[in-house]
Amino acid sequence: MAGKTQQIKVGNQVIGGNDFVVIAGPCSIESKEHFLETATEVKSQGATLLRGGMFKLRTDASSFQGLRSDAFQLAKEVKQEVGLSFLSEVTDPRQISDLMDVVDAFQVGSRNMYNYSLLTELGRTDKPVLLKRGFSGTIKEWLGAAEYITKEGNEKVILCERGIRSFDSNTRNVFDVNAIAFIKANSDFPVIADPSHGTGVRNLVTPISLAAAAAGADGLMIEVHPHPDQALSDGFQTLNFPEFSNLMKSLKPLLSSVNRKLAVL
Ligand code: PEP
Ligand code: MN
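Residues numbered from 1 in each chain as written. Chains lettered and ligands numbered in written order. Predicted model: local features only at pLDDT ≥ 70, side-chain atom pairs only at ≥ 80, totals over all residues. Heavy atoms only, no water.

This brings us to the packing of aromatic side chains. Going through the model one piece at a time under the given rule, you end up with 3 aromatic pairs. When the ring centre of Phe135 is taken as origin, the NZ or CZ atom of Arg165, which lies over that ring, is 4.6 Å away. (Phe/Tyr/Trp six-rings, centres within 6.5 Å; stacked < 30°, edge-to-face > 60°. Lys NZ or Arg CZ within 6 Å of the ring centre and 35° of its normal.)

Dropping the structure here:
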C-alpha cells in the first residue's frame, strides 16, 4: 500500500513519475483525417499520450457506438505518423486479442469497473490498464477492482478518477478531488484525472484540471476535437484547439508551484 507511486510505462511515456502526463484526443475516433488532425494538434500543444474511443458504450443504444474494428488500422497509422502512444477502451474480453497490437494501454470504462471477468482477462495480459472509477463506485470498490487485475499478475494498473453521480444536475458528474488526494496518500497506483467526464461541462474542464494537478494527480485525460459542436459523442464537454492550448498554458505555472513539470517525449 501507500509508498512511492509505481512508475508505469505506456508505450514511449511513463505515468507515475515526477513529470505530469497529459493524455488527449477525441471522445470517439470519427475518421482517419479527424483523428490525425486532432492527434497532431494535441501533440504540438504538449500532450504526450493519445486517447480515442473505438468501442463506445452509450446510454442510448441508438447513439454512435464507435467505429469499432474499422478504426484499428487507422489508429495504428495515426499513432505511427504522429509518434504518440495510444490508449483506448476495451468493452468486452473478446476484443482483447485484436487490441493487443493496436493500443499501448487498455482503458476500462466507468460502466465496466465491476466487470470482473473483463478485469481478470486484462490481468492475464502484460499491458497497462487505465481503470476508470465507476460513477457510483466507492474508493474501496475501485481499489478492489484494481486487485482483480493485479491478482492475475498484471501490476500495471493506472487509476482514473472521472467523477461520480450526485443529486446535483448542474454538472453531469461531480469530480471527486478527495479521491485524488486519497489515492496518493493510501495506494501505490498512479492516478489520472479526467475532468471532461468528471464535470461534463466544457468551461469547467480547465479549473478542475488545475485542482486535480494541485491535489497530486499524475496526469490528465482531456477530450479534444477540432469542432466539438459536431462531435459524434460528448461534444458538450470537449475542448476545441484554442481551449486546449489555454489549458496547457495554465497548467505550467500550477505545476511549477508544486515542483513538477509537464512530461516531454
Ligand atoms: C470515455 O473516456 O470516453 C468514456 C466513455 O469514459 P467513462 O467510461 O468514464 O464514461
Ligand atoms: Mn467521452
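Judged by nonpolar contacts, the single largest core of 62 residues is most densely connected at Met54, Leu131, Leu159, Phe244 and Leu251. Residues in contact with Leu131, not counting those within four places in the same chain, are Val108, Met113, Leu119, Trp142, Ala145, Ala146, Ile149, Val157, Ile158, Leu159 and Cys160. Residues Ile158, Cys160, Ile192 and Ala263 belong to the second largest nonpolar core, which totals 14 residues. (Core = buried A, V, L, I, M, F, W, Y, C linked by side-chain atoms within 4.5 Å. Buried < 20%, exposed > 50% of the residue type's maximum accessible area, 1.4 Å probe, protein only. Contact = heavy atoms within 4.5 Å.)

In this section: the pattern of salt bridges. As enumerated under the stated definition, the model contains 16 salt bridges in all. Among the salt bridges present, the one from Glu152 reaches Lys151, with a minimum N-O distance of 3.5 Å. Classification of Lys151 by relative accessible area gives exposed; the value is 54%. Taking the shortest distance from any N to any O, the salt bridge between Arg172 and Asp234 comes out at 3.3 Å. With a gap of 62 residues between them, Arg172 in the loop between strand E8 (157–161) and helix H6 (177–186) and Asp234 in the loop between strand E10 (219–223) and helix H9 (241–257) connect regions that are remote in the sequence. In this structure Arg172 comes out as partly exposed when scored by relative accessible area, which is 36%. (Salt bridge = Lys/Arg side-chain N within 4 Å of Asp/Glu carboxyl O. Helix = DSSP H or I, 4+ residues; strand = E, 2+ residues; numbered from the N terminus.)

Turning next to the coordination of the manganese ion (ligand 2). Taken together, the protein ligands of the manganese ion (ligand 2) are Cys27 (SG), His197 (NE2), Glu223 (OE) and Asp234 (OD), with distances of 2.1 to 2.4 Å. Linear spacing of the donor residues for the manganese ion (ligand 2) on their chain is C-x169-H-x25-E-x10-D. Here His197 is found in helix H7 (residues 195–199), whereas its partner Glu223 is found in strand E10, with 26 residues between them in sequence. Here the two residues His197 and Glu223 agree in accessibility, since each one is buried. (Donors = N, O, S within 2.8 Å, 3.2 Å for Na, K, Ca; no water.)

Taken together, the neighbourhood of ligand 1 is formed by Cys27, Arg51, Lys56, Glu89, Gln107, Gly109, Ser110, Arg111, Lys132, Arg162, His197 and Glu223. Taking Lys56, its side chain carries an N or O atom lying 2.9 Å from an oxygen atom of ligand 1. In this structure, Arg111 approaches ligand 1 through a side-chain N or O atom, which is 3.4 Å from an oxygen atom. Taken by itself ligand 1 offers 300 Å² of open surface, and the protein chains cover 95% of this. Residue classes in the shell around ligand 1 are distributed as 1 nonpolar, 4 polar and 7 charged. (Near = heavy atom within 4 Å. Polar contact = N/O pair within 3.5 Å; in protein donor to acceptor, adjacent residues only side chain to side chain. Areas by Shrake-Rupley, 256 points an atom, 1.4 Å probe, with all protein chains shown as cover. Nonpolar A, V, L, I, M, F, W, Y, C, P; charged D, E, K, R; others polar.)

Geometric values such as these leave the question of function open.
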